Amino acid sequence: MIINRMLEARARLGEHCFIRDNGFARIQGLPGSHCVTAGQDVNGEDTSLMVVASIEGYAIECESLTRKFGNFTAVNSINLKIKRGELFGFLGPNGAGKTTTIKVLTTLLTPTVGRASIASFDVIKDAAQVRSRIGVVPQEFALFGELTAMENLWYIGTLFGMGKDEMRHRSEELLKTVGLFDKKDVQAEGFSGGMKQRLSVAAGLLHMPEILFMDEPTTGLDPQSRIALRDLTRSLNESGITIVYTTHDMEEADKLCHRIAIMDHGKIIAEDTPEMLKHRYGGSHRIRIEFSGSNQYNASILAELKKLTGASNVHTSTNNEGAVIDLSVEHAGCELVTEVAGFLDKKKIKVIDVKSVEPSLEDVFINLTKDDVNI
Ligand SMILES: Nc1ncnc2c1ncn2[C@@H]1O[C@H](COP(=O)(O)OP(=O)(O)OP(=O)(O)O)[C@@H](O)[C@H]1O
Ligand SMILES: [Mg+2]
(Lines give C-alpha, C1' and ligand atoms only; values in the text may rest on other atoms or scores of the structure.)
(Ligands and ions follow the chains in the order given, each with its own letter.)
Protein backbone atom coordinates (compact mmCIF):
# COMPACT_ATOMS: atom_id res chain seq x y z
CA MET A 1 0.00 0.00 0.00
CA ILE A 2 2.75 2.42 0.96
CA ILE A 3 4.66 1.68 -2.23
CA ASN A 4 1.48 2.26 -4.17
CA ARG A 5 1.04 5.64 -2.49
CA MET A 6 4.65 6.56 -3.20
CA LEU A 7 4.16 5.84 -6.88
CA GLU A 8 1.10 8.02 -6.78
CA ALA A 9 3.00 10.82 -5.07
CA ARG A 10 5.71 10.60 -7.74
CA ALA A 11 3.13 10.59 -10.50
CA ARG A 12 1.77 13.79 -9.10
CA LEU A 13 5.12 15.41 -9.68
CA GLY A 14 4.98 14.54 -13.34
CA GLU A 15 7.10 11.39 -13.45
CA HIS A 16 6.40 8.39 -15.59
CA CYS A 17 5.57 5.42 -13.39
CA PHE A 18 3.65 2.20 -12.97
CA ILE A 19 0.65 1.93 -10.76
CA ARG A 20 -2.18 -0.49 -10.15
CA ASP A 21 -5.52 0.01 -11.81
CA ASN A 22 -7.36 1.36 -8.81
CA GLY A 23 -4.68 3.99 -8.23
CA PHE A 24 -4.73 4.86 -11.90
CA ALA A 25 -8.46 5.46 -11.86
CA ARG A 26 -8.10 7.71 -8.87
CA ILE A 27 -5.27 9.74 -10.37
CA GLN A 28 -7.29 10.26 -13.53
CA GLY A 29 -10.07 11.70 -11.40
CA LEU A 30 -7.88 14.14 -9.49
CA PRO A 31 -8.64 17.77 -10.30
CA GLY A 32 -5.73 19.33 -12.18
CA SER A 33 -4.12 16.03 -13.26
CA HIS A 34 -3.84 14.91 -16.84
CA CYS A 35 -2.73 11.40 -17.86
CA VAL A 36 -1.03 11.24 -21.23
CA THR A 37 -0.16 7.55 -21.52
CA ALA A 38 -1.72 4.40 -20.20
CA GLY A 39 -1.00 0.70 -20.73
CA GLN A 40 -0.24 -2.59 -19.06
CA ASP A 41 3.10 -3.99 -18.04
CA VAL A 42 4.43 -7.40 -19.10
CA ASN A 43 2.43 -9.14 -16.39
CA GLY A 44 -0.72 -7.45 -17.60
CA GLU A 45 -1.10 -6.12 -14.07
CA ASP A 46 0.11 -2.55 -13.78
CA THR A 47 -0.75 0.54 -15.67
CA SER A 48 1.85 2.96 -16.94
CA LEU A 49 0.89 6.57 -16.84
CA MET A 50 2.29 10.05 -16.98
CA VAL A 51 0.68 12.85 -15.05
CA VAL A 52 1.78 16.03 -16.76
CA ALA A 53 -0.02 18.75 -14.89
CA SER A 54 0.91 19.19 -11.26
CA ILE A 55 -2.07 19.12 -8.95
CA GLU A 56 -3.18 22.63 -8.12
CA GLY A 57 -5.02 23.76 -5.06
CA TYR A 58 -5.02 22.83 -1.40
CA ALA A 59 -5.96 19.56 0.29
CA ILE A 60 -8.24 21.46 2.65
CA GLU A 61 -9.62 24.99 2.57
CA CYS A 62 -12.00 26.65 5.02
CA GLU A 63 -13.44 30.12 4.64
CA SER A 64 -15.26 31.71 7.57
CA LEU A 65 -16.31 28.19 8.56
CA THR A 66 -18.82 28.28 11.41
CA ARG A 67 -20.78 25.53 13.13
CA LYS A 68 -23.41 26.25 15.75
CA PHE A 69 -25.39 23.93 17.99
CA GLY A 70 -28.49 26.00 18.78
CA ASN A 71 -27.16 29.29 20.14
CA PHE A 72 -23.77 27.83 20.96
CA THR A 73 -20.96 28.45 18.44
CA ALA A 74 -18.62 25.45 18.50
CA VAL A 75 -16.58 26.53 15.44
CA ASN A 76 -16.36 30.27 14.98
CA SER A 77 -15.49 31.60 11.53
CA ILE A 78 -12.25 29.75 10.92
CA ASN A 79 -10.05 30.25 7.87
CA LEU A 80 -7.59 27.52 7.04
CA LYS A 81 -5.50 26.29 4.13
CA ILE A 82 -3.73 22.94 4.37
CA LYS A 83 -1.35 22.03 1.56
CA ARG A 84 -1.30 18.65 -0.13
CA GLY A 85 1.18 16.37 1.57
CA GLU A 86 1.18 18.25 4.87
CA LEU A 87 0.97 16.61 8.26
CA PHE A 88 -1.12 19.25 9.96
CA GLY A 89 -1.73 19.33 13.72
CA PHE A 90 -4.87 20.54 15.42
CA LEU A 91 -4.35 21.41 19.08
CA GLY A 92 -6.65 22.96 21.63
CA PRO A 93 -8.19 22.47 25.07
CA ASN A 94 -11.17 20.14 25.58
CA GLY A 95 -14.22 21.60 23.86
CA ALA A 96 -12.16 23.93 21.62
CA GLY A 97 -13.98 22.74 18.49
CA LYS A 98 -11.43 20.38 16.91
CA THR A 99 -13.69 17.35 16.50
CA THR A 100 -16.57 19.53 15.32
CA THR A 101 -14.30 21.04 12.64
CA ILE A 102 -13.23 17.55 11.57
CA LYS A 103 -16.86 16.43 11.44
CA VAL A 104 -17.71 19.33 9.13
CA LEU A 105 -14.68 18.62 6.92
CA THR A 106 -15.60 14.95 6.70
CA THR A 107 -19.26 15.71 5.83
CA LEU A 108 -20.67 14.32 9.10
CA LEU A 109 -21.96 17.79 10.02
CA THR A 110 -22.92 20.68 7.75
CA PRO A 111 -21.46 24.15 8.27
CA THR A 112 -23.88 26.75 9.67
CA VAL A 113 -22.05 29.56 7.84
CA GLY A 114 -19.01 29.68 5.54
CA ARG A 115 -17.59 27.04 3.27
CA ALA A 116 -15.06 24.24 3.25
CA SER A 117 -13.54 22.17 0.49
CA ILE A 118 -11.48 19.00 0.31
CA ALA A 119 -9.21 18.58 -2.74
CA SER A 120 -11.18 21.46 -4.28
CA PHE A 121 -14.54 19.67 -3.73
CA ASP A 122 -17.15 21.46 -1.64
CA VAL A 123 -18.18 19.56 1.52
CA ILE A 124 -21.88 20.19 0.85
CA LYS A 125 -22.27 20.31 -2.94
CA ASP A 126 -19.70 17.58 -3.69
CA ALA A 127 -20.08 15.48 -0.52
CA ALA A 128 -19.73 12.16 -2.39
CA GLN A 129 -16.49 13.31 -4.06
CA VAL A 130 -15.20 14.46 -0.69
CA ARG A 131 -16.05 11.14 0.99
CA SER A 132 -14.24 9.15 -1.68
CA ARG A 133 -11.05 11.12 -0.99
CA ILE A 134 -10.96 11.12 2.79
CA GLY A 135 -10.34 8.58 5.50
CA VAL A 136 -11.24 9.12 9.15
CA VAL A 137 -9.82 7.69 12.36
CA PRO A 138 -12.46 8.98 14.79
CA GLN A 139 -11.90 10.03 18.40
CA GLU A 140 -14.16 7.19 19.59
CA PHE A 141 -13.72 3.60 18.31
CA ALA A 142 -16.46 3.26 15.69
CA LEU A 143 -16.00 -0.27 14.36
CA PHE A 144 -17.97 -3.38 15.29
CA GLY A 145 -16.69 -5.30 18.32
CA GLU A 146 -18.47 -8.48 17.35
CA LEU A 147 -16.79 -8.57 13.92
CA THR A 148 -13.21 -9.73 13.40
CA ALA A 149 -10.53 -7.32 12.16
CA MET A 150 -10.91 -8.67 8.62
CA GLU A 151 -14.72 -8.64 8.72
CA ASN A 152 -14.71 -5.00 9.85
CA LEU A 153 -12.55 -4.04 6.88
CA TRP A 154 -14.72 -6.05 4.48
CA TYR A 155 -17.81 -4.33 5.82
CA ILE A 156 -16.26 -0.92 5.14
CA GLY A 157 -15.00 -2.04 1.73
CA THR A 158 -18.56 -3.09 0.83
CA LEU A 159 -19.83 0.37 1.82
CA PHE A 160 -17.28 1.87 -0.58
CA GLY A 161 -18.41 -0.51 -3.33
CA MET A 162 -15.06 -2.31 -3.56
CA GLY A 163 -14.86 -5.62 -5.43
CA LYS A 164 -14.10 -8.82 -3.47
CA ASP A 165 -10.56 -9.30 -4.80
CA GLU A 166 -9.58 -5.68 -4.25
CA MET A 167 -11.10 -5.80 -0.76
CA ARG A 168 -9.19 -8.95 0.18
CA HIS A 169 -5.93 -7.62 -1.24
CA ARG A 170 -6.24 -4.21 0.44
CA SER A 171 -7.43 -5.62 3.79
CA GLU A 172 -4.52 -8.06 4.02
CA GLU A 173 -2.04 -5.41 2.95
CA LEU A 174 -3.36 -2.90 5.50
CA LEU A 175 -3.55 -5.38 8.39
CA LYS A 176 0.12 -6.14 7.70
CA THR A 177 0.94 -2.41 7.60
CA VAL A 178 -0.68 -1.79 11.01
CA GLY A 179 0.76 -4.98 12.52
CA LEU A 180 -2.56 -6.80 12.97
CA PHE A 181 -2.34 -9.48 10.30
CA ASP A 182 -1.91 -12.26 12.86
CA LYS A 183 -5.12 -11.03 14.55
CA LYS A 184 -7.16 -10.81 11.37
CA ASP A 185 -9.68 -13.44 12.54
CA VAL A 186 -10.00 -12.15 16.11
CA GLN A 187 -13.11 -10.20 17.16
CA ALA A 188 -12.32 -6.50 17.66
CA GLU A 189 -14.00 -6.39 21.10
CA GLY A 190 -11.09 -8.43 22.44
CA PHE A 191 -8.52 -5.92 21.16
CA SER A 192 -6.53 -3.61 23.42
CA GLY A 193 -6.92 0.17 22.97
CA GLY A 194 -3.80 0.34 20.80
CA MET A 195 -4.94 -2.53 18.58
CA LYS A 196 -8.36 -0.89 18.15
CA GLN A 197 -6.68 2.36 17.13
CA ARG A 198 -4.52 0.54 14.59
CA LEU A 199 -7.58 -1.23 13.20
CA SER A 200 -9.27 2.19 12.92
CA VAL A 201 -6.27 3.45 10.94
CA ALA A 202 -6.52 0.45 8.60
CA ALA A 203 -10.27 1.08 8.18
CA GLY A 204 -9.63 4.76 7.42
CA LEU A 205 -7.12 3.83 4.72
CA LEU A 206 -9.08 1.05 3.01
CA HIS A 207 -10.30 3.07 0.03
CA MET A 208 -6.89 4.75 -0.48
CA PRO A 209 -7.81 8.24 0.72
CA GLU A 210 -5.75 11.25 -0.27
CA ILE A 211 -6.44 12.88 3.07
CA LEU A 212 -6.60 11.13 6.44
CA PHE A 213 -8.18 12.74 9.52
CA MET A 214 -6.87 11.28 12.78
CA ASP A 215 -8.70 12.57 15.87
CA GLU A 216 -6.59 11.88 18.97
CA PRO A 217 -5.36 8.51 17.71
CA THR A 218 -2.80 8.08 20.48
CA THR A 219 -4.92 9.09 23.49
CA GLY A 220 -4.89 6.38 26.15
CA LEU A 221 -2.17 4.30 24.50
CA ASP A 222 0.94 3.06 26.28
CA PRO A 223 4.27 4.63 25.24
CA GLN A 224 5.20 1.76 22.89
CA SER A 225 1.85 1.78 21.08
CA ARG A 226 2.03 5.59 20.87
CA ILE A 227 5.45 5.44 19.24
CA ALA A 228 4.31 2.69 16.84
CA LEU A 229 1.23 4.67 15.78
CA ARG A 230 3.27 7.86 15.45
CA ASP A 231 5.80 6.08 13.22
CA LEU A 232 2.98 4.65 11.12
CA THR A 233 1.44 8.13 10.77
CA ARG A 234 4.78 9.56 9.65
CA SER A 235 5.31 6.83 7.07
CA LEU A 236 1.77 7.25 5.73
CA ASN A 237 2.43 10.95 5.32
CA GLU A 238 5.79 10.29 3.65
CA SER A 239 3.98 8.05 1.17
CA GLY A 240 1.96 11.08 0.03
CA ILE A 241 -1.15 11.17 2.24
CA THR A 242 -2.14 14.53 3.68
CA ILE A 243 -2.86 14.06 7.38
CA VAL A 244 -4.85 16.17 9.82
CA TYR A 245 -3.91 15.08 13.33
CA THR A 246 -5.34 16.12 16.67
CA THR A 247 -3.62 15.37 19.94
CA HIS A 248 -3.25 16.67 23.49
CA ASP A 249 0.34 15.44 23.54
CA MET A 250 2.42 18.53 22.80
CA GLU A 251 5.69 16.66 22.40
CA GLU A 252 4.05 14.36 19.88
CA ALA A 253 2.66 17.31 17.91
CA ASP A 254 6.06 19.00 17.97
CA LYS A 255 7.84 15.90 16.66
CA LEU A 256 5.26 14.93 14.07
CA CYS A 257 3.56 17.97 12.53
CA HIS A 258 4.79 20.24 9.78
CA ARG A 259 2.35 22.96 10.81
CA ILE A 260 -0.03 23.35 13.72
CA ALA A 261 -3.22 25.31 14.34
CA ILE A 262 -4.17 26.01 17.95
CA MET A 263 -7.92 26.29 18.50
CA ASP A 264 -9.66 27.79 21.48
CA HIS A 265 -13.35 28.62 21.97
CA GLY A 266 -14.04 27.69 18.34
CA LYS A 267 -11.40 30.02 16.88
CA ILE A 268 -7.95 29.42 15.47
CA ILE A 269 -5.78 31.57 17.71
CA ALA A 270 -2.38 30.67 16.21
CA GLU A 271 -1.13 28.77 13.18
CA ASP A 272 2.45 28.12 12.12
CA THR A 273 5.29 25.60 12.15
CA PRO A 274 6.14 24.23 15.63
CA GLU A 275 9.43 26.17 15.54
CA MET A 276 7.77 29.48 14.74
CA LEU A 277 5.03 28.94 17.34
CA LYS A 278 7.70 28.33 19.99
CA HIS A 279 9.65 31.37 18.82
CA ARG A 280 6.58 33.64 18.88
CA TYR A 281 4.58 32.39 21.84
CA GLY A 282 6.86 30.08 23.82
CA GLY A 283 8.26 32.76 26.11
CA SER A 284 11.88 33.16 27.07
CA HIS A 285 14.71 30.68 27.27
CA ARG A 286 15.40 29.65 30.85
CA ILE A 287 18.14 28.39 33.11
CA ARG A 288 16.47 26.01 35.54
CA ILE A 289 17.97 25.11 38.91
CA GLU A 290 16.41 22.14 40.68
CA PHE A 291 16.87 21.38 44.36
CA SER A 292 16.23 18.22 46.29
CA GLY A 293 13.71 19.02 49.05
CA SER A 294 13.30 22.53 50.44
CA ASN A 295 15.10 25.54 49.01
CA GLN A 296 18.63 26.39 50.07
CA TYR A 297 18.66 29.87 48.64
CA ASN A 298 17.72 33.25 50.00
CA ALA A 299 16.86 36.64 48.51
CA SER A 300 20.49 37.68 48.19
CA ILE A 301 21.39 34.47 46.29
CA LEU A 302 18.45 35.11 43.93
CA ALA A 303 19.68 38.68 43.37
CA GLU A 304 23.22 37.46 42.65
CA LEU A 305 21.92 34.82 40.21
CA LYS A 306 19.85 37.48 38.45
CA LYS A 307 22.90 39.72 38.10
CA LEU A 308 25.19 36.87 36.99
CA THR A 309 22.85 35.68 34.23
CA GLY A 310 21.34 39.03 33.24
CA ALA A 311 17.94 37.38 33.76
CA SER A 312 14.92 39.51 32.98
CA ASN A 313 12.84 37.53 35.43
CA VAL A 314 13.39 35.07 38.30
CA HIS A 315 10.59 32.61 39.06
CA THR A 316 10.56 30.25 42.02
CA SER A 317 8.34 27.18 42.31
CA THR A 318 8.38 23.54 43.41
CA ASN A 319 8.16 20.26 41.53
CA ASN A 320 7.97 16.64 42.75
CA GLU A 321 11.60 16.68 43.86
CA GLY A 322 11.70 20.04 45.61
CA ALA A 323 12.35 23.74 44.98
CA VAL A 324 12.96 25.13 41.49
CA ILE A 325 14.39 28.45 40.26
CA ASP A 326 13.75 29.56 36.67
CA LEU A 327 15.88 32.39 35.32
CA SER A 328 14.52 33.94 32.10
CA VAL A 329 17.54 34.72 29.94
CA GLU A 330 18.28 35.79 26.37
CA HIS A 331 20.33 32.68 25.49
CA ALA A 332 20.47 29.68 27.83
CA GLY A 333 23.72 28.26 26.41
CA CYS A 334 26.18 25.78 27.96
CA GLU A 335 28.54 28.51 29.17
CA LEU A 336 25.86 30.20 31.24
CA VAL A 337 24.77 26.85 32.70
CA THR A 338 28.41 26.13 33.69
CA GLU A 339 28.75 29.60 35.21
CA VAL A 340 25.59 29.16 37.29
CA ALA A 341 26.67 25.68 38.42
CA GLY A 342 30.11 27.08 39.38
CA PHE A 343 28.52 29.94 41.32
CA LEU A 344 26.25 27.57 43.29
CA ASP A 345 29.18 25.25 43.99
CA LYS A 346 31.24 28.15 45.35
CA LYS A 347 28.37 29.12 47.64
CA LYS A 348 28.17 25.44 48.76
CA ILE A 349 24.54 25.26 47.67
CA LYS A 350 23.55 21.68 46.80
CA VAL A 351 21.44 21.24 43.68
CA ILE A 352 20.30 18.17 41.76
CA ASP A 353 20.34 19.82 38.33
CA VAL A 354 21.19 23.01 36.47
CA LYS A 355 20.00 23.01 32.87
CA SER A 356 18.94 25.16 29.99
CA VAL A 357 15.24 24.97 29.08
CA GLU A 358 14.08 25.92 25.60
CA PRO A 359 10.49 27.10 25.05
CA SER A 360 8.32 24.07 24.32
CA LEU A 361 5.04 23.64 22.49
CA GLU A 362 3.50 23.08 25.92
CA ASP A 363 4.65 26.60 26.90
CA VAL A 364 3.02 27.90 23.70
CA PHE A 365 -0.21 26.07 24.50
CA ILE A 366 -0.31 27.28 28.09
CA ASN A 367 0.57 30.87 27.17
CA LEU A 368 -2.15 31.00 24.51
CA THR A 369 -4.90 29.23 26.43
CA LYS A 370 -4.06 30.10 30.04
CA ASP A 371 -7.45 31.68 30.78
CA ASP A 372 -9.16 28.32 30.24
CA VAL A 373 -9.75 26.01 33.17
CA ASN A 374 -10.78 22.52 32.13
CA ILE A 375 -11.42 20.20 35.06
N1 LIG B 1 -23.86 17.48 18.94
C2 LIG B 1 -23.58 18.49 19.76
N3 LIG B 1 -24.57 19.21 20.34
C4 LIG B 1 -24.28 20.25 21.16
N5 LIG B 1 -23.04 20.66 21.45
C6 LIG B 1 -22.02 19.99 20.90
C7 LIG B 1 -22.22 18.87 20.02
N8 LIG B 1 -21.02 18.41 19.64
C9 LIG B 1 -20.10 19.19 20.23
N10 LIG B 1 -20.70 20.13 20.99
C11 LIG B 1 -20.01 21.17 21.78
O12 LIG B 1 -19.13 21.87 20.92
C13 LIG B 1 -17.92 22.21 21.63
C14 LIG B 1 -16.74 21.67 20.83
O15 LIG B 1 -16.74 20.25 20.95
P16 LIG B 1 -15.64 19.38 20.21
O17 LIG B 1 -15.99 17.96 20.41
O18 LIG B 1 -15.49 19.88 18.82
O19 LIG B 1 -14.33 19.77 21.03
P20 LIG B 1 -12.85 19.19 20.91
O21 LIG B 1 -11.95 20.36 20.66
O22 LIG B 1 -12.79 18.07 19.97
O23 LIG B 1 -12.60 18.69 22.41
P24 LIG B 1 -11.81 17.40 22.98
O25 LIG B 1 -10.35 17.79 23.05
O26 LIG B 1 -12.38 17.23 24.35
O27 LIG B 1 -12.06 16.23 22.09
C28 LIG B 1 -18.08 21.61 23.02
O29 LIG B 1 -18.49 22.64 23.91
C30 LIG B 1 -19.14 20.55 22.87
O31 LIG B 1 -19.88 20.38 24.06
MG1 LIG C 1 -12.38 16.07 20.13
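You'll find the structure just up there.
Worth saying up front: this structure is predicted, and the values here are computed from it rather than measured.

Cut-off values and rules
Residues numbered from 1 in each chain as written. Chains lettered and ligands numbered in written order. Predicted model: local features only at pLDDT ≥ 70, side-chain atom pairs only at ≥ 80, totals over all residues. Pairing = 2+ DSSP bridges. Helix = DSSP H or I, 4+ residues; strand = E, 2+ residues; numbered from the N terminus. Axes fitted to C-alpha atoms, helices over the stretch in contact; angles between N-to-C directions. Contact = placed C-beta atoms within 7 Å. Core = buried A, V, L, I, M, F, W, Y, C linked by C-beta atoms within 7 Å. Buried ≥ 20, exposed ≤ 12 C-beta atoms within 10 Å, placed from the backbone. Near = placed C-beta within 6 Å. Nonpolar A, V, L, I, M, F, W, Y, C, P; charged D, E, K, R; others polar.

(A) Quick peek at the sheet that holds strand β9 (residues 134–137). Reading across the sheet, the 6 strands line up as β9-β10-β11-β6-β12-β13 and stay open at both edges, with mixed pairing between neighbours. Each end of this open sheet is capped by a strand with a single partner; those strands are β9 and β13 (267–272). Between one strand axis and the next, the sheet turns by 15 degrees as a mean value, whatever way the strands run. The pairing of strand β6 (residues 87–91) with strand β12 (residues 259–264) spans 4 bridges and is classified as parallel. Opposite G89, over in β12, you have I260 as the bridge partner. Its contacts with the sheet put helix α10 (residues 274–281) on β12 and β13, and the angle it makes with β13 is roughly 110 degrees.

(B) Region of the structure containing the nonpolar core. Residues I118, A202, L212, F213, I243, V244 and Y245 are the most contacted members of the largest nonpolar core, which totals 66 residues. At 5 residues, helix α7 (residues 193–205) tops the list of elements feeding residues into this core. Ranked by size, the runner-up nonpolar core spans 12 residues in total, among them I287, A311, V329 and L344.

(C) Just the pairing of strand β16 (residues 323–329), in detail. Relative to β16, strand β14 (residues 285–290) runs antiparallel, the two being bridged by 6 bridges. The partner of R288 across the bridge, within β16, is D326. Both strand β15 (residues 313–318) and β16 contribute to a ladder of 6 bridges, which runs antiparallel. Residue pairing for β16: T318 is matched across the bridge by A323.

(D) Seen up close, the site of ligand 1. Lining the immediate surroundings of ligand 1 are F69, F72, A74, G92, N94, G95, A96, G97, K98, T99, T100 and Q139. Counting residues per element, the ones that place at least two in the shell around ligand 1 are β5 (72–82) and α3 (98–105). In terms of residues, the shell around ligand 1 owes the most to one element, α3, which gives 3 residues. Taken together, the residues of the shell around ligand 1 sort by class into 4 nonpolar, 7 polar and 1 charged.

(E) Local environment of unusual backbone geometry. Although it is not a glycine, S77 sits at a positive phi angle of roughly 55 degrees. Residue placement: S77 occurs in strand β5. With phi around 50 degrees, H265 is a residue other than glycine that occupies positive phi space.

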